[in-house]
Amino acid sequence: MNASLNPTGAAEANARSSILARLRAPATPAPLPLPDVSAWFEARQRHEDTAQRVTRLRAALEAVKTEVHDTTAADWPELLLRLVAAKGLRNLLIGADTPHGAELEARQPVNLELKRYAESIDSWRDVLFDEVDASLTIAKSAIAEIGSLILWPTPAEPRLMSLVPSVHFVLLDPATIHSDFYSAMTSEGWNDNLPTNALLICGPSKTADIQQTLAYGAHGPRELVVLLCHADPFQPGAAA
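Just so we're clear, the structure is a prediction, and the values are computed from it rather than from any experiment. (Residues numbered from 1 in each chain as written. Predicted model: local features only at pLDDT ≥ 70, side-chain atom pairs only at ≥ 80, totals over all residues. Heavy atoms only, no water.)

Visitor: Teacher, can you tell me more about the sheet that holds strand β6 (residues 148–151) here?
Guide: Adjacent strands of a sheet pair through backbone hydrogen bonds, lying either parallel or antiparallel. Taken together, 4 strands build an open sheet; the order of strands is β8-β5-β6-β9 and the sheet is mixed. The outermost strands of the open sheet, each flanked by one partner alone, are β8 (177–178) and β9 (199–201). Where β6 and β9 come together, 3 bridges link them in antiparallel fashion. Looking at β9, one finds that L149 is bridged to I201. (Pairing = 2+ DSSP bridges. Helix = DSSP H or I, 4+ residues; strand = E, 2+ residues; numbered from the N terminus.)

Here is the structure:
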């Protein structure tokens, strides 16, 4: 029978053609509106001062077995050397060319060998992995909400300095502690100048993969020691 004389057949042909036309047409879905991330975080902003952010960061770090010590920009070398002696460390790895490394070298510490990270990893891998007791790096900033230190490795202080030695000392200026991750990213301009590696360190390395027994130092330093370098002079309990 001629399809033109069969209304049902004509309707099916039209429907099939319509479906095929839609399938062959380029997909142009309407763009979804982007969420207003800035407004969301601003509505939940804590409006904390430096002392309050220090308190939150300290609580989060100490909850995962991180040592946190208060000191000043002038006194941190003496505190560091006391901690090194108390832990019985033989040597300390410092950056190849950093102001804090140079300041520590100027003290000419007794009974502590300062090792500069001045060679390529290929030339002294065995020394780094087998003979270095501890390292010292500086933190770019920190995040109070998640208890995290932010490190941006550089050629002077490579990522391995915070990963390989068993004890990791970190210098942190309390004025650089952000309330949350969003504040850190926006105020520091992460969208424009991220390094090759950006590290968020929330405590010493730990794992419970084996028989669900918690062990420290499995994938990195077994000890993390944070020195809060407050502005001079510093009074414990006072706002920095």
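Let us keep going from here.
Visitor: How do you make sense of the nonpolar core when you look at a structure like this?
Guide: Across soluble globular proteins, you tend to see nonpolar side chains buried next to one another. Residues W76, L80, L92, L104, L136, F169 and L227 are the most contacted members of the largest nonpolar core, which totals 18 residues. Tallying contributions element by element places helix α4 (residues 76–86) first for this core, with 5 residues. Counting 17 residues, the second-largest nonpolar core is a separate cluster that includes V68, A139, L172 and L224. (Core = buried A, V, L, I, M, F, W, Y, C linked by side-chain atoms within 4.5 Å. Buried < 20%, exposed > 50% of the residue type's maximum accessible area, 1.4 Å probe, protein only.)

Visitor: Sorry, what's going on with empty space enclosed by the protein here?
Guide: If you roll a probe as big as a water molecule over the atoms, it shows you where there is empty space left. Taken as a whole and assessed by the stated rule, the structure comprises 1 cavity of 30 Å³ or more. If you go around the largest cavity, the residues you meet are T137, I138, L151, W152, P153, E157, P158, R159, S162 and L199. Tallied by class, residues from the lining of the largest cavity come to 6 nonpolar, 2 polar and 2 charged. (1 Å grid on protein atoms, 1.4 Å probe; cavity = no way out; pocket = protein on both sides within 12 Å on 5 of 7 lines; lining within 4 Å. Points joined across faces, edges and corners; volume = space filled by probe spheres on them. Nonpolar A, V, L, I, M, F, W, Y, C, P; charged D, E, K, R; others polar.)

Visitor: Mind showing me how you'd approach the environment of N91 here?
Guide: Its place among the elements puts N91 in strand β2 (residues 91–94). Relative accessible area serves as the criterion here: at 4%, N91 is assigned to the buried category. Here the alpha-carbon distance between N91 and E113, two residues 22 residues apart in the chain, equals 4.4 Å. Excluding residues within four positions of it along the chain, N91 makes contact with L112, E113, K115, E131, V132, D133 and A134. At 2.9 Å, the side chain of N91 and the backbone oxygen of E131 are in polar contact. Of note is the side chain of N91, whose polar atom sits 2.7 Å from the backbone nitrogen of D133. (Contact = heavy atoms within 4.5 Å. Polar contact = N/O pair within 3.5 Å; in protein donor to acceptor, adjacent residues only side chain to side chain.)

Visitor: How do you make sense of the sheet that holds strand β12 (residues 223–230) when you look at a structure like this?
Guide: On the basis of which strands lie adjacent, the open sheet formed by 6 strands has the order β1-β12-β7-β4-β2-β3 and parallel pairing. Edge positions in the open sheet fall to β1 (67–72) and β3 (113–116), since each of these has one partner strand only. Taken over all neighbouring pairs, the strand axes of this sheet differ in orientation by 25° on average, direction set aside. In terms of strand pairing, β2 meets strand β4 (residues 134–138) through 2 bridges, oriented parallel. Bridge pairing in β4 places L93 opposite S135. (Axes fitted to C-alpha atoms, helices over the stretch in contact; angles between N-to-C directions.)

Visitor: Hey, could you run me through the pairing of β4 in this one?
Guide: Each regular strand displays side chains that alternate between the two surfaces of the sheet. Most of β4 is tucked away, with 4 of its 5 residues classed as buried. In terms of strand pairing, β4 meets strand β7 (residues 167–172) through 5 bridges, oriented parallel. By the bridge assignment, L136 is partnered in β7 with F169.

Visitor: Would you explain the pattern of salt bridges in this entry?
Guide: A side chain of one charge can pair with a side chain of the opposite charge when the charged atoms of the two come close. The tally for this structure, following the rule as stated, stands at 12 salt bridges. We note a salt bridge from E113 to K115, for which the minimum N-O separation is 3.3 Å. On the basis of relative accessible area, E113 is assigned to the partly exposed category, the value being 43%. (Salt bridge = Lys/Arg side-chain N within 4 Å of Asp/Glu carboxyl O.)

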